Amino acid sequence: MESITTRFGIVEYDPAQVLLFPDGLPGFEVLRRFLVMPNPTGGPFFWIQSVEEGDVALILTDPTNFFPEYAVRPDTEELAGLNIGEEDDCHALSVVTVREDKSVTLNLAGPILFAPKTNRAIQVVLQNSRYSSREPLPRAENTQDRQAVEG
Amino acid sequence: MLVLTRKPGQGIMIGDDVRITLVDVKGDTVRIGIDAPRATRVYRQELYEAVRQENRDAVSWDFSDLEALDKHVSKESK
């Protein structure tokens, strides 16, 4: 086990479990290695913690919890970056931003593609998306309605 | 910054494998063609900058925000 000091205290981790961003992330190009931190409450939000920079942690969520029709497929180059084939699992995740006024948005224009098989991830910029990089998080009532309709 | 004057149909080479072609000029809009290796990512600058800025904005949260998020989507909450 190794350990790092983060904004949230000391975190111990197994180096074999580290999530690799081979290209870093826009704005954090030099940060490649992150830990996936589950939400203690089991809610839909979790976070990734940089191993290389203790101050950097991003909240993520599966956007299909809120936008059921949202889907992003990796292209050939992205598959190569993730080191997987077309038949392998790949999940699109969204970065969650909580602003000073406590408003919450999801970055649906810049999803993080995550490949469980290789524990790799890349953030992509969608070119002709109808979604915004600041898509407001729907209220609980709306989410409920949608689930009720589908259920 | 290097500034070059080009006419429609003329181009610019960046390194050995990126070719920029000025396709068309109409009023204040310029259409640009880009030939680059697939591994070279090409983005509209404002989209890339928006994602970059979002990442920067997204790192200043704390645990109370996470609790508020859970509450925000909780089915029990009113």
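First things first, this report covers the structure right here in the doc. (Residues numbered from 1 in each chain as written. Chains lettered and ligands numbered in written order. Predicted model: local features only at pLDDT ≥ 70, side-chain atom pairs only at ≥ 80, totals over all residues. Heavy atoms only, no water.)

Some remarks on the sheet that holds strand β2 (residues 18-26) of chain B
Residue and element names in this part refer to chain B. Taken together, the three strands give an open sheet; going across it, the order is β1-β2-β3, and neighbouring strands pair in antiparallel fashion. Because the sheet does not close on itself, it has two edges, and the strands there are β1 (11-14) and β3 (29-35). This sheet shows a mean twist of 25 degrees between the axes of neighbouring strands, independent of strand direction. Inspection of the sheet shows β1 paired to β2 by four bridges, in the antiparallel sense. Following the sheet pairing, Ile14 is matched in β2 by Val18. (Pairing = 2+ DSSP bridges. Helix = DSSP H or I, 4+ residues; strand = E, 2+ residues; numbered from the N terminus. Axes fitted to C-alpha atoms, helices over the stretch in contact; angles between N-to-C directions.)

Things to note about the pattern of salt bridges
Pairing between side chains of opposite charge can happen when their charged atoms approach one another. All told, the structure shown has ten salt bridges over all chains when counted by the stated rule. The partner of Arg99 of chain A in a salt bridge is Glu54 of chain B, and the shortest N-O contact between them spans 3.0 Å. Of the two residues, Arg99 of chain A sits in the loop between β7 (91-98) and β8 (104-115) while Glu54 of chain B sits in helix α1 (residues 45-57), which places them in two different chains. By the burial criterion, Arg99 of chain A is buried, and Glu54 of chain B matches it. Between Asp65 of chain B and Lys102 of chain A there is a salt bridge, and its shortest N-O distance comes to 2.7 Å. (Salt bridge = Lys/Arg side-chain N within 4 Å of Asp/Glu carboxyl O. Buried < 20%, exposed > 50% of the residue type's maximum accessible area, 1.4 Å probe, protein only.)

Considerations on the packing of aromatic side chains
Applying the stated rule across the entire model yields eleven aromatic pairs over all chains. On the basis of an interplanar angle of 70 degrees and a centroid distance of 6.0 Å, the ring pair of Phe8 of chain A and Trp47 of chain A is categorised as edge-to-face. On the criterion of sequence distance, the pair formed by Phe8 of chain A in the loop between β1 (2-6) and β2 (9-13) and Trp47 of chain A in strand β5 (residues 45-50) is long-range, its members being 39 residues apart. By relative accessible area, which is 23% here, Phe8 of chain A ends up partly exposed. Every member of this aromatic cluster is reached through a ring pair, and the members are Phe8 and Trp47 of chain A together with Trp61 and Phe63 of chain B. A cation sits over an aromatic face here: Arg7 of chain A above Trp61 of chain B, 5.8 Å from the ring centre. (Phe/Tyr/Trp six-rings, centres within 6.5 Å; stacked < 30°, edge-to-face > 60°. Lys NZ or Arg CZ within 6 Å of the ring centre and 35° of its normal.)

Brief notes about the interface of chain A and chain B
Across the boundary between the two partners, chain A contributes 48 residues, which contact 31 residues of chain B. Taken over both partners, the interface formed by chain A and chain B buries close to 3,500 Å², and the fraction arising from carbon and sulfur atoms is 57%. When the buried area of chain A at its contact with chain B is split by residue, Glu77, Val125 and Gln127 of chain A rank highest and sum to 16% of it. Our count for the contact surface shared by chain A and chain B stands at eight salt bridges. Inspection of the chain A/chain B interface yields 18 residue pairs in polar contact (both at pLDDT 80 or more). Broken down by secondary-structure element, the contributors of at least two residues to the side of chain A that touches chain B are β5, β6 (57-61), α1 (76-82), β7, β8 and α2 (140-150) of chain A. The leading source of residues in the side of chain A that touches chain B is β8 of chain A, at five residues. Taken together, the residues of the side of chain A that touches chain B break down into 22 nonpolar, 15 polar and eleven charged. (Contact = heavy atoms within 4.5 Å. Buried area = accessible area lost by both parts, 1.4 Å probe. Polar contact = N/O pair within 3.5 Å; in protein donor to acceptor, adjacent residues only side chain to side chain. Nonpolar A, V, L, I, M, F, W, Y, C, P; charged D, E, K, R; others polar.)

Brief notes about the environment of Pro37 of chain B
Counting through the fold element by element, Pro37 of chain B comes out in the loop between β3 and α1. Once you skip the residues sitting within four places of it in the chain, Pro37 of chain B turns out to touch Asp17 and Val18 of chain B.

Regarding the side chain of Arg99 of chain A
In this structure Arg99 of chain A comes out as buried when scored by relative accessible area, which is 18%. A distance of 3.0 Å separates a polar atom in the side chain of Arg99 of chain A from a polar atom in the side chain of Glu54 of chain B. Apart from the residues lying within four places of it in its own chain, the contact partners of Arg99 of chain A are Thr105 and Arg134 of chain A together with Glu54 and Asp57 of chain B.

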